[in-house]
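# Secondary and tertiary structure notes
Listed below are the residues making up each chain.
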Amino acid sequence: MKKNIIFFSGAGLSAESGISTFRDSGGLWEKYDISEVATPDAWIRNPDLVTDFYNQRRKQIITTFPNDAHRFIAELDNNFEITVITQNIDDLHERAGSRHVLHLHGNIRLAKSSGPNQEKKLYPIDGWELTKNDVCDDGYRLRPHVVWFGEEVPALNDAIPIIKSADFFIVIGTSLQVYPAAGLIHYAPSTATKVILDPNLDSFSIPSDFIKIKKKSTEAIVDLKKLLKID
Ligand SMILES: NC(=O)c1ccc[n+]([C@@H]2O[C@H](COP(=O)([O-])OP(=O)(O)OC[C@H]3O[C@@H](n4cnc5c(N)ncnc54)[C@H](O)[C@@H]3O)[C@@H](O)[C@H]2O)c1
């Protein structure tokens, strides 16, 4: 039987594709105030500003490509049962070819209703721009399919049994500071081989049963191959 590998990825995995991370120096939130662009209140106050913020993110993401680490994860599908649980809102895992991707914080290439039935239907966004004239079947304005600060994470409960089934649990490119997503790492079973890779591992605390690889994700491919015993 194929072993289950669960990847838990964050913004650092897409950094080498040219997408800014969240908290690194030079990261996105040094330039923007979260409360102005990524909260339900921000949407109520100024939906045009919020829409534009995500339009600019989408415009950039469309021009980027999966890097070697995204591709390495996708290629493992041939030898293992792979599920990617990502905090990223980009679609680089999918574009690399990964088949089972659970987006905890949404997918910026999709939109949803800003009314009460947000999770009912998702709308692909053609190109980079969502406008004030884009409305949902229920008549509400479309908003990006992104989980904002202060909102529930609907996919959280789907992620827990997946993580519990891990033979290998591999955490890549997340500072583990955004909750409740970060708390998911504690669901990995004690029998799993747990790995975390990040070039700045010294800056945050990690449970002692994790193998630590202090490297960028593309540089750590060689270490992961060794660990998974593949050529
Ligand atoms: N690409 C995206 O979709 C994107 C980008 C920015 C922010 N976000 C959102 O912001 C939140 C940020 O939390 P987070 O923990 O994912 O990101 P974060 O910015 O808090 O942490 C990124 C981590 O990646 C590490 N890192 C930097 N370069 C790396 C590399 N080349 N290889 C491996 N690791 C590297 C950093 O040291 C840091 O610990 C997420 O919820 C996500 O939805 C998403």
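Everything below is about the structure shown above.
What counts and what doesn't
- Residue positions are counted from 1 within each chain, in the order its sequence is given.
- Predicted model: local features are reported for residues with pLDDT of at least 70 only, side-chain atom pairs are reported and counted for 80 or more only, and whole-chain, interface and lining totals are derived from all residues.
- To get the side-chain values, all heavy atoms of the structure are used, and hydrogens and water are removed first.
- To qualify as a helix, a DSSP run of H or I must reach at least 4 residues; to qualify as a strand, a run of E must reach at least 2; elements of each kind are numbered from the N terminus.
- Radius of gyration means the value over C-alpha atoms here, while the globule rule gives 2.2 Å times the residue count to the 0.38 power.
- Residue exposure (1.4 Å probe, protein chains only): buried if accessible area is under 20% of the type maximum, exposed if over 50%, otherwise partly exposed.
- The contact definition used throughout considers only heavy atoms, calling two residues in contact when any of these lie within 4.5 Å.
- By the counting rule applied here, Lys and Arg register as positive and Asp and Glu as negative, while His and the ends of each chain are not counted.
- In plain terms, the charge of a residue is placed at NZ if it is Lys, CZ if Arg, CG if Asp and CD if Glu.
- Here, any two strands with at least 2 DSSP bridges between them count as paired.
- For helices, the fitted line uses only the C-alpha atoms of the stretch in contact; every axis is such a line through C-alpha atoms, and the angle between N-to-C directions lies from 0 to 180 degrees.
- By convention in this text, a residue qualifies as near a molecule or strand provided that one of its non-hydrogen atoms is within 4 Å of it.
- Residues adjacent in sequence count toward polar contacts only when both atoms are side-chain atoms; beyond that, a polar contact is any pair of N or O atoms within 3.5 Å, and within protein one must be able to donate a hydrogen and the other to accept it.
- We get accessible surface area from the Shrake-Rupley algorithm with a probe of 1.4 Å; when it comes to residues, only the shown protein chains can shield them.
- Just so you know the grouping, Ala, Val, Leu, Ile, Met, Phe, Trp, Tyr, Cys and Pro go in nonpolar, Asp, Glu, Lys and Arg go in charged, and all remaining residues, Gly too, go in polar.
- Only rings of Phe, Tyr and Trp enter the pairing, Trp through its six-membered ring, and a pair is recorded when the two centres are within 6.5 Å. The plane angle decides the type: under 30 degrees is stacked, over 60 is edge-to-face, the rest tilted.

## Overview of the overall build of the protein
- Check the secondary structure of the protein and you find eight helices and nine strands.
- Against the 2.2 N^0.38 benchmark of 17 Å for 231 residues, the protein shows a C-alpha radius of gyration of 18 Å, consistent with a compact globule.
- Projected onto its principal axes, the C-alpha coordinates of the protein cover approximately 55 × 35 × 30 Å.
- Each of the 231 residues in the protein was classed as buried or not, and the buried ones make up 50%.
- Sequence separation of 24 or more characterises 63% of the internal contacts of the protein that already satisfy a separation of 6 or more.
- In the protein, which carries 27 positive and 31 negative side-chain charges, the distance between the mean positions of the two groups comes to 3 Å.

## Thoughts on the sheet that holds strand S2 (residues 81–86)
- Pairing within the open sheet is parallel, and its six strands lie in the order S3-S2-S1-S7-S8-S9. The strands lining the two open edges of the sheet, one partner per strand, are strand S3 (101–103) and strand S9 (210–213). Across the sheet, the mean angle from the axis of one strand to that of its neighbour is 20 degrees, orientation sign disregarded.
- Judged from the five bridges that link them, strand S7 (residues 168–172) and strand S8 (residues 193–197) form a sheet pairing that is parallel. Each bridged residue has a counterpart across the sheet, and for Phe 168 the counterpart in S8 is Thr 193.
- Strands in contact with helix H7 (residues 156–164) are strand S1 (4–9), S2, S3 and S7; relative to S2, the strand with the most contacts, it is inclined by about 140 degrees.

## Structural notes on the site of the ligand
- In the vicinity of the ligand there are 28 residues, among which Gln 87, His 105, Ser 175, Asp 198 and Asn 200 approach most closely.
- Contacts to the ligand include Asn 200, whose side-chain N or O atom sits 2.6 Å from an oxygen atom.
- Relative to its unbound accessible area of 850 Å², the ligand is 94% covered by the protein chains.
- By residue class, the composition of the shell around the ligand is nine nonpolar, 13 polar and six charged.

## What to know about unusual backbone geometry
- Of note, the bond from Tyr 179 into Pro 180 is cis; its omega dihedral lies within 30 degrees of zero at 10 degrees.
- Take Pro 180: it is sitting in the loop between S7 and S8.
- With phi around 55 degrees, Leu 176 is a residue other than glycine that occupies positive phi space.
- Mapping Leu 176 onto the fold places it in the loop between S7 and S8.
- In the Ramachandran plot, Lys 229 falls in the positive-phi region, its phi being about 55 degrees despite a non-glycine side chain.
- Tracing the chain through its elements places Lys 229 in the segment after helix H8 (221–227).
- On the accessibility criterion, Lys 229 (75% relative accessible area) is exposed.

## Looking at the packing of aromatic side chains
- Here the structure, examined in full by the defined rule, presents four aromatic pairs.
- Relative to Phe 169, the ring of Phe 8 lies with its centre 6.2 Å away and its plane at 25 degrees, an arrangement referred to as stacked. Of this pair, Phe 8 sits in strand S1 while Phe 169 sits in strand S7, and the two are 161 residues apart along the sequence. Each member of the pair, Phe 8 as well as Phe 169, is classed as buried.
- Cluster of aromatic residues (ring-pair linked, three or more members): Phe 8, Phe 169 and Phe 210.

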